[in-house]
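# A closer look at the structure
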Amino acid sequence: SLTPDILGRLLPCISGGAPARQLSLQLSTSMPDVVRILHQVHNFMVWNVENPTGHYRLDLSNAADHTVAERLAILDAWEISTKVKLGRADTSEKGNHSQVRNVTYAEQDLDAKVISEWLLPEFGVLNLDYASSKRPAWTAMESENETGK
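First things first, this report covers the structure right here in the doc. Predicted model, so just to flag it, every value in this text is computed and none were measured.

What follows concerns the overall build of the protein chain. Along its length, the protein chain carries five helices and four strands. Secondary structure elements of the protein chain, listed N to C terminal, follow the sequence α-α-α-α-β-α-β-β-β. In summary, the protein chain has a C-alpha radius of gyration of 16 Å against a globular reference of 15 Å for 149 residues, a match within 12%. Taken along the three principal axes of its C-alpha coordinates, the protein chain extends 55 × 35 × 25 Å.

Structure representation (structure tokens):
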């Protein structure tokens, strides 16, 4: 059945938030298929915009991981512009106000000044640490990532 592969690729596109995504999983006909889909979209399902700080290992050929990489790039660009506008101190790794650190793509250091200026390829593994300058709300849920497993 192609259902698990299709759901795994399209899950990041489903509007309506977590409830809609959970309902979409019910289109799968077996528990092994659901487990396979959840494994495929794990980084997307646990990503929390309110608390994005963490380590990320993203397979860019995976649609869900690619979506997380895109969202991190957008969030980093927003945090950079906010910090510059507010005149906050630059605590970045490369002196560019970025929240992204230790970036590697295909096990090579990324030479882009900021991740949002880099054209995300459709394949390969992107590793990075994201250290948000925004403090999470006391009600924000903790992100589960590789360091938290």
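Further remarks concern the side chain of Asn48. For Asn48, the position within the fold is in the loop between α4 (42-46) and β1 (54-59). Here Asn48 falls in the buried class, since its relative accessible area comes to 16%. A distance of 2.9 Å separates a polar side-chain atom of Asn48 from the backbone nitrogen of Glu50.

Right, let's talk about unusual backbone geometry for a bit. Positive phi is not limited to glycine here, since Ala106 has a value of about 55°. Relative to the elements of secondary structure, Ala106 occurs in the loop between β2 (100-105) and β3 (108-109). Here the phi dihedral of Glu107 falls at roughly 65°; this positive angle occurs in a residue that is not glycine.

With that settled, consider the layout of surface pockets. A volume near 160 Å³ is recorded for the second largest pocket. Together, Ala18, Arg21, Gln22, Phe44, Met45, Val46, Trp47, Asn48 and Arg71 line the second largest pocket. Elements with a minimum of two residues in the lining of the second largest pocket: α2 (17-25) and α4. In terms of residue class, the lining of the second largest pocket is built from five nonpolar, two polar and two charged.

For the rest of this paragraph, the subject is the nonpolar core. By size, the foremost hydrophobic cluster in this structure holds 27 residues, and its most contacted members are Tyr56, Leu60, Leu72, Trp118, Leu126 and Leu128. The set of elements that each furnish at least two residues to this core consists of β1, α5 (63-86), β2 and β4 (125-130). Sort the elements by how many residues they give to this core and α5 lands first, with six residues. Setting aside chain neighbours within four positions, we find Leu126 in contact with Tyr56, Arg57, Leu58, Leu60, Ala69, Val103, Thr104, Tyr105, Ile115, Trp118 and Leu120.

A word on the packing of aromatic side chains. In this description, a pair of aromatic rings is defined by centroid distance and the angle of the planes. Scanning the entire structure with this criterion turns up one aromatic pair. Summarising the aromatic geometry, the rings of Tyr105 and Trp118 are spaced 5.3 Å apart at their centres and angled 65° between planes, so their arrangement reads as edge-to-face. Of the two residues, Tyr105 is situated in strand β2 and Trp118 in the loop between β3 and β4; the sequence distance between them amounts to 13 residues. Just as Tyr105 is buried, Trp118 falls in that class too.

Criteria and cut-off values
- Residues numbered from 1 in each chain as written.
- Predicted model: local features only at pLDDT ≥ 70, side-chain atom pairs only at ≥ 80, totals over all residues.
- Heavy atoms only, no water.
- Helix = DSSP H or I, 4+ residues; strand = E, 2+ residues; numbered from the N terminus.
- Rg over C-alpha atoms; globule rule 2.2 N^0.38 Å.
- Buried < 20%, exposed > 50% of the residue type's maximum accessible area, 1.4 Å probe, protein only.
- Polar contact = N/O pair within 3.5 Å; in protein donor to acceptor, adjacent residues only side chain to side chain.
- 1 Å grid on protein atoms, 1.4 Å probe; cavity = no way out; pocket = protein on both sides within 12 Å on 5 of 7 lines; lining within 4 Å.
- Points joined across faces, edges and corners; volume = space filled by probe spheres on them.
- Nonpolar A, V, L, I, M, F, W, Y, C, P; charged D, E, K, R; others polar.
- Core = buried A, V, L, I, M, F, W, Y, C linked by side-chain atoms within 4.5 Å.
- Contact = heavy atoms within 4.5 Å.
- Phe/Tyr/Trp six-rings, centres within 6.5 Å; stacked < 30°, edge-to-face > 60°.

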